[in-house]
Amino acid sequence: MLNTSSQALQVLVVADPGLPSRRAASIHSSLERYLREAYGVTTTLHTHTDTVYLTPERELALDAVEDLRADYPDVDIILILTEIPRHTQGDPLIAEVYSDRNLAVISCPTLGAWATKRRIIKVMMSSVNKLVPWDPEDTTRKFLLGWSNWSNNEDSSHQSLHAHTITGGPRLIMGMTIANEPWRTAPKLSGALAAASATGAFGIFYSSIWQMSTYLSTLRLLSIGALAILMMVAWLIFSHRLWDRPVNESLATVVMYYNLSTVLTLLITVTALYATLVVLILLGGLVVIDPAFMTQQIQQDASFTNYLDIAWLSAAMGVVAGGLGASFDTDADVQKLTHGQRMRQRVYTDNSTDADDTVESS
């Protein structure tokens, strides 16, 4: 526990690259101001971007983080904002405080997909409060958490903040999905998009596709599109071995979160690719297909809906016939795609092998 009589407080925020570092940068000035208000002393907030590694036993390598104190000798508290999803005692873990190290770890995914700046700041302020307690007067009461409580561990130097039993799991999965950044994954499937576009373009030139799309119901067209997306997602998962399996039963829940976030990430990515394909084919159809000629072929007045139906069915055909078999542009893209893949790269191993992995890829 730190001495509150000091007239200065220095805090170091260590954030993982990517979403955690961007969130840390976005709250820097606000967090520094709130710390100053809470303690009434000169406060300096430092931010540092660095990957938080894991030991072969899958524990946080806190000693490596502690080494940063050599670069910041006057720092009193270290706050780690990591993208590592954490789960203990049956519930997702939001934050963990180590009083003996004057250090706290906050799991970014557990805060949810759209964690507001205020929510992140409140968790960080609450973590700091465990290290440097303040009197919850009116000026500081707004920082106290009303939606979760810290655990009362027997070890006074170690306290945990868990997510709600019911809502914590879904919030963690959504947070992990956003951390996977599916909007950045879609461009990495440019090869699949090119193959699907080439195949789907045939729908513009074949009147049998026009007639079929006209006579299919809206529900059936939607079902065909959904089936094409699911087939593409399944192909990407199993062809790149993105489905993780726990090596022991105790890790089953964590690995389930990994797999669900992977599926959701790829669903968003492939749906975006499918929507792009529909738009491209629709624009091509509007340019190439004359409405009078379409009316003659489908034996009813051509409308914009007919063009959209053609584009939708052609996109499904393109994804199934052209997209399946395609791959990510580079192996590096696959290694950074999911939490399971990135976690394996964080582990310190003696021989730089995956022999001690907590999860196996199938």
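Residues numbered from 1 in each chain as written. Predicted model: local features only at pLDDT ≥ 70, side-chain atom pairs only at ≥ 80, totals over all residues. Heavy atoms only, no water.

Trainee: Requested: an account of the overall build of the protein chain, with residues and values cited.
Mentor: Summing up its helical and strand segments, the protein chain has 15 helices and 9 strands in all. A burial count over the protein chain gives 50% of its 362 residues as buried. Summarising the internal contacts of the protein chain: among those between residues at least 6 apart in sequence, 77% fall at separations of at least 24. When the accessible area of the protein chain is evaluated, it comes to approximately 17,000 Å², of which 55% is carbon and sulfur surface. (Helix = DSSP H or I, 4+ residues; strand = E, 2+ residues; numbered from the N terminus. Buried < 20%, exposed > 50% of the residue type's maximum accessible area, 1.4 Å probe, protein only. Contact = heavy atoms within 4.5 Å. Areas by Shrake-Rupley, 256 points an atom, 1.4 Å probe, with all protein chains shown as cover.)

Trainee: How would you explain a nonpolar patch on the surface if you had to name every residue and give the values?
Mentor: Together, Phe202, Phe205, Tyr206, Val287 and Val288 make up a nonpolar patch on the protein surface, roughly 570 Å² of accessible area in all. Every element with two or more residues in the nonpolar patch is listed here: helix H8 (202-205) and helix H11 (252-288). For Tyr206, the location among the structural elements is in the loop between H8 and helix H9 (207-215). On the basis of relative accessibility, which here comes to 45%, the residue Tyr206 falls in the partly exposed class. (Patch = residues over 30% accessible without salt bridge, like charges linked within 9 Å, V, L, I, M, F, W, Y side chains within 5 Å. Salt bridge = Lys/Arg side-chain N within 4 Å of Asp/Glu carboxyl O.)

Trainee: Please give an account of the pattern of salt bridges that cites residues and values.
Mentor: This model, assessed by the stated rule, comprises 5 salt bridges. Between Arg22 and Glu181 there is a salt bridge, and its shortest N-O distance comes to 2.3 Å. Highlighted residues: Arg22 in helix H1 (residues 19-39) and Glu181 in the loop between helix H5 (168-179) and helix H6 (182-185), separated in sequence by 159 residues. Judged by its relative accessible area of 36%, Arg22 is partly exposed. By relative accessible area, Glu181 is classed as buried at 14%. Its salt-bridge partner being Arg101, residue Glu66 comes within 3.7 Å of it at the nearest N-O pair. Remark: Arg101 occurs in the loop between strand E5 (91-98) and strand E6 (103-107) and Glu66 occurs in helix H2 (residues 62-66); sequence separation between them is 35 residues. With relative accessibility at 17%, the residue Glu66 sits in the buried group.

Trainee: Explain the UniProt feature "transmembrane region" (unreviewed entry) in the protein chain to me, and be specific about the residues and the numbers.
Mentor: In this structure's numbering, the residues bearing the UniProt feature "transmembrane region" (unreviewed entry) are residues 189-209, 221-243, 263-289 and 310-328. With 86% helix and 0% strand, residues 189-209 has end C-alpha atoms that lie 26 Å from one another. The span residues 221-243 is 83% helix and 0% strand, and its two end C-alpha atoms sit 29 Å from each other. (UniProt positions renumbered as here; feature names shortened; annotations may be inferred.)

Trainee: Go over unusual backbone geometry, please, and point to the residues and values.
Mentor: Of note, Asn102 is a non-glycine position whose phi angle comes to about 55°, a positive value. Along the chain, Asn102 turns up in the loop between E5 and E6. Phi at Gln299 takes a positive value of approximately 60°, unusual for a residue other than glycine. Locating Gln299 in the fold gives a position in the loop between helix H12 (291-298) and helix H13 (304-323). Since its relative accessible area comes to 67%, Gln299 is described here as exposed.

Trainee: Could you give an account of the packing of aromatic side chains, naming the residues involved and the relevant values?
Mentor: All chains considered together, the criterion is met by 3 aromatic pairs. Seen in terms of ring centroids, Phe202 and Tyr206 are 6.1 Å apart; in terms of plane orientation they differ by 45°. Their pairing is tilted. With a centroid separation of 5.7 Å and an interplanar angle of 90°, the aromatic rings of Trp210 and Phe293 are classed as edge-to-face. Residue Trp210 is located in helix H9, and its partner Phe293 is located in helix H12; the two are separated by 83 residues in the primary sequence. The ring of Tyr34 carries Arg33 above its face, with NZ or CZ at 5.0 Å from the centroid. (Phe/Tyr/Trp six-rings, centres within 6.5 Å; stacked < 30°, edge-to-face > 60°. Lys NZ or Arg CZ within 6 Å of the ring centre and 35° of its normal.)

Trainee: Help me get a handle on the side chain of Ser107, residues and values and all.
Mentor: Mapping Ser107 onto the fold places it in strand E6. What makes Ser107 buried here is its relative accessible area of 0%. Side-chain polar atoms of Ser107 contact the backbone oxygen of Ile84, separated by 2.8 Å. If sequence neighbours within four positions are ignored, Ser107 has contacts with Thr82, Ile84, Pro85, Arg86, Leu93 and Ile94. (Polar contact = N/O pair within 3.5 Å; in protein donor to acceptor, adjacent residues only side chain to side chain.)

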